[in-house]
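Chain and residue survey
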Amino acid sequence: MTRAIRLLLGFLFLEVLTIGVWNTVAPRSFYLDLPTVDINPPYSEHFARDLGATMLGLAIVMGFALVRPRAHHLIPAGLAYSAFAIPHFFFHVTNMENATVGQAVLLTTGNAVFAVLGLLVLLLTAIRDRGLYRGGRREESRDDTGADRGRRAERLL
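What comes next concerns the included structure. (Residues numbered from 1 in each chain as written. Predicted model: local features only at pLDDT ≥ 70, side-chain atom pairs only at ≥ 80, totals over all residues. Heavy atoms only, no water.)

1. Here's the deal with helix α1 (residues 2–25)
Since the α-helix advances by 3.6 residues per turn, residues separated by three or four positions end up pointing in the same direction. Quick reminder of the rule: Helix numbers and strand numbers start at the N terminus; a helix is a DSSP run of H or I with at least 4 residues, a strand a run of E with at least 2. Multiplying 1.5 Å by the helix residue count minus one yields the expected span of that helix. Accessibility here uses a 1.4 Å probe with only protein chains present; expressed as a share of the type maximum, an area under 20% marks a residue as buried, one over 50% as exposed, and anything in between as partly exposed. Note on definitions: a residue-residue contact is assigned when non-hydrogen atoms from the two residues lie within 4.5 Å.
Here α1 spans 33 Å end to end across 24 residues, near enough to the 34 Å set by a 1.5 Å rise per residue. Restricting attention to buried positions, one finds in α1 the residues Ile5, Leu8, Leu9, Gly10, Leu12, Phe13, Glu15, Val16, Ile19, Gly20 and Asn23. Buried residues along α1 sit in contact with α2 (27–33), α3 (45–67), α4 (71–94) and α5 (101–129).

Below, the structure is given as C-alpha cells:
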C-alpha cells in the first residue's frame, strides 16, 4: 500500500516540481509553450512567478511526504495538493469559452485525473493507517490493550 501511495505522490510531486521550476524560471515560456495555458489571457509575469514559487513550496511538502510516507506527512501533502487541484479543475470546467473542443477535452480530463489522484493519496493513506489494509508488511493486532494502541499510534508517527 505504501508503494502505491509513493507512486501516486511521486507522480504528483514531479508535476508540481516541473510547473514550479518552469513558471519560476521561464514564466513567459510556460504561458506560451504549455498547451491550453494561453487560452485564458492576459499573461502576467507576476502571477506566473507567484504560481511557480507556490508550486515549489507544495513540491517541498510533497517531497518530504514522499521520503517519509507517514500519515502526518501524507495527509497535509494530499490536502495541500487537493486544495490546488480541485479548484483548478472547476475553474477550467467553467471557463472553456476560448478553448477548442480538443483543448476542452484535454483540460477537463487531465485536470480531473490530477484532482482524483490527490484525493487518492488521502484515501489510500486512510485505508492503510486505519487498519483496513491487511496485505504486505502491515499487520494490525486484534489486541485492544493500551500497549497495542500505543504501538499503532507510534507507527503512524
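2. Focus: the pattern of salt bridges
Worth spelling out the cut-off: Salt bridge, as used here: a side-chain nitrogen of Lys or Arg that lies within 4 Å of a carboxyl oxygen of Asp or Glu.
The final tally for this structure, using the stated rule, is 2 salt bridges. Between Glu45 and Arg49 there is a salt bridge whose closest N-O contact spans 2.7 Å. A residue pair is termed a helical-turn pair when its members lie 3 or 4 positions apart in one helix, as Glu45 and Arg49 do in helix α3 at 4 residues. Note on Arg49: relative accessible area 34%, which makes it partly exposed. Between Asp129 and Arg128 there is a salt bridge, with its nearest N and O atoms 2.6 Å apart. On the basis of relative accessibility, which here comes to 14%, the residue Asp129 falls in the buried class. Judged by its relative accessible area of 7%, Arg128 is buried.

3. Comments concerning the nonpolar core
For clarity, the threshold we go by: Put simply, buried Ala, Val, Leu, Ile, Met, Phe, Trp, Tyr and Cys residues joined by side-chain atoms within 4.5 Å make one nonpolar core.
Formed by 22 residues in total, the largest nonpolar core has its most connected members in Leu9, Leu12, Val16, Leu58, Met62, Tyr81 and Val121. By residue number, the principal contributor to this core is α1, which donates 7 residues. Apart from the residues within four sequence positions on either side, Val121 is in contact with Ile5, Leu8, Leu9, Leu12 and Leu74.

4. Details of unusual backbone geometry
For the peptide bond that leads from Pro41 to Pro42, omega is 0°, which places it in the cis range. Tracing the backbone through its elements, the reader meets Pro42 in the loop between α2 and α3. Of note in the backbone geometry, Thr36 takes a positive phi value of approximately 85° without being a glycine. The residue Thr36 is located in the loop between α2 and α3 in this model. Residue classification places Thr36 among the buried residues on the basis of a relative accessible area of 8%.

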